[in-house]
Amino acid sequence: MKIAIGSDHAGYDYKENIKNHLISLGHEVIDKGTYSKESTDYPIYAKAVAEEVACKKADRGIVICGTGIGVSITANKVSGIRAALCTNEFMARLSRQHNDANVIAVGARVIGLEHAIAIIETFLNTSFEGGRHERRIHLIEDIKNLKC
Ligand code: RB5
């Protein structure tokens, strides 16, 4: 699978570890930064990953910051992205089966690295169930250009 990954400084160590793990499993990984532990701004990297997925240059995306919140908020601003902030494998599995999530967000200050890897593997290895969930995905996609 082709996977885009990105993090801010808080997620940098996790990104490097997760990237190497995914490569060792045979995945192709596109690293959108950050490339050091120097303090930086998470929207830059979450947007870059989301764009790779939305433009179909990657099959899935992984975004990491301290809590996972900032990167998930950012990724979900990009049209076509369904980013799921997951803190356990149950959420990762359901994010795929029911929500067809194409980006996973992880908080490096929230969960341990081994747990994060297990959650991400579940996310990558689970398929969308379709059926009634398809209709709900379309209802999400219909939310465009809200006029107040
Ligand atoms: C950086 O200190 C931190 O705010 C960021 O990694 C993230 O947790 C934001 O949501």
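Counting of residues starts from 1 at the beginning of each chain's written sequence and follows it residue by residue. Whole-chain, interface and lining totals are the exception, using all residues; otherwise, since this is a predicted model, local features are given only for residues with pLDDT of at least 70 and side-chain atom pairs are given and counted only at 80 or more. Side-chain calculation: all heavy atoms of the structure are included, whereas hydrogens and water are not.

### Some words on the overall build of the chain
Within the chain, the regular secondary structure consists of six helices and five strands. Going along the chain from the N terminus, every DSSP run of H or I of four or more residues is numbered as a helix, and every run of E of two or more is numbered as a strand. Along the chain, helices (α) and strands (β) appear in the sequence β-α-β-α-β-α-β-α-β-α-α when read from the amino end. The globule rule used for comparison is 2.2 Å times the number of residues to the exponent 0.38, while the radius of gyration itself is calculated over C-alpha atoms. In terms of overall size, the chain behaves like a compact globule, its C-alpha atoms giving a radius of gyration of 14 Å where 148 residues would be expected to give roughly 15 Å. With the principal axes as the frame, the chain shows a C-alpha extent of 40 × 35 × 25 Å. Just so you have it, the chain exposes about 7800 Å², and 51% of that area is on carbon and sulfur atoms. Counting 19 positive and 18 negative side-chain charges, the chain places the averaged centre of each group 6 Å from the other. Per-residue and other accessible areas follow the Shrake-Rupley method at a 1.4 Å probe size, with only the shown protein chains counted as cover for residues. Residues scored as positive are Lys and Arg, those scored as negative are Asp and Glu, and His as well as the terminal groups of each chain are ignored. Charge placement uses NZ in Lys and CZ in Arg. For Asp and Glu, CG and CD serve respectively.

### Focus on the pairing of strand β3 (residues 60-65)
Categorising residues by exposure relies on relative accessible area from a 1.4 Å probe, with only protein chains included: less than 20% of the type maximum marks a residue as buried, more than 50% marks it as exposed, and the intermediate range marks it as partly exposed. Within β3, six of the six residues are buried, which leaves the element mostly enclosed by the surrounding structure. Along β3, one buried face is formed by R60, I62 and I64 and the opposite face, lined by G61, V63 and C65, is buried too. Pairing between two strands requires that DSSP report at least two bridges joining them. Looking at chain direction, strand β1 (residues 2-7) and β3 are connected through five bridges and run parallel. The partner of S7 across the bridge, within β3, is I64. By the bridge criterion, five bridges tie β3 to strand β5 (residues 103-107) in an arrangement that is parallel. Among the inter-strand pairings, I64 is bridged to a residue of β5, identified as V106.

### Points about the site of the ligand
Around the ligand, the neighbouring residues are D8, H9, A10, Y42, C65, G66, T67, G70 and R109. Whenever a nitrogen or oxygen atom comes within 3.5 Å of another N or O atom, the pair is scored as a polar contact, on the condition that within protein one atom can donate a hydrogen and the other can accept it, and that pairs from neighbouring residues in sequence are kept only if both atoms are in side chains. Between G66 and the ligand, the recorded distance is 2.8 Å, taken from a backbone N or O atom to an oxygen atom. In the model, an oxygen atom of the ligand is placed 3.0 Å from a nitrogen or oxygen of the T67 main chain. Here a residue counts as near a molecule or strand whenever at least one of its heavy atoms sits within 4 Å of it.

### Brief notes about the sheet that holds strand β2 (residues 28-31)
Here we have five strands laid out as an open sheet, ordered β2-β1-β3-β5-β4, and parallel in their pairing. The outermost strands of the open sheet, each flanked by one partner alone, are β2 and β4 (83-85). The average undirected angle you get between the axes of adjacent strands in this sheet is 25°. As judged from the three bridges shared by β4 and β5, these two strands associate in the parallel manner. Note on β5: the bridge partner recorded for A84 is I104. In this analysis, axes come from line fits to C-alpha atoms, helices being fitted only over the stretch in contact, and the angle between any two N-to-C directions falls in the range 0 to 180 degrees.

### Some remarks on the side chain of H27
Mapped onto the elements, H27 comes out in the loop between α1 (12-24) and β2. By relative accessible area, H27 is classed as buried at 18%. Within the structure, H27 has its side chain in polar contact with the backbone nitrogen of M1 (distance 3.4 Å). Contact definition: two residues touch when any of their heavy atoms are within 4.5 Å. Setting aside residues no more than four positions away along its own chain, H27 makes contact with M1, I3, L22 and L124.

### A few points about the pairing of β2
The pairing of β1 with β2 spans four bridges and is parallel. Bridged to I3 within β2 is V29. Handedness of the β-α-β unit built from β1, α1 and β2 comes out right-handed. For the handedness criterion, the strands are oriented away from the viewer, and a crossover whose path from the first strand over the helix to the second runs clockwise is classed as right-handed.

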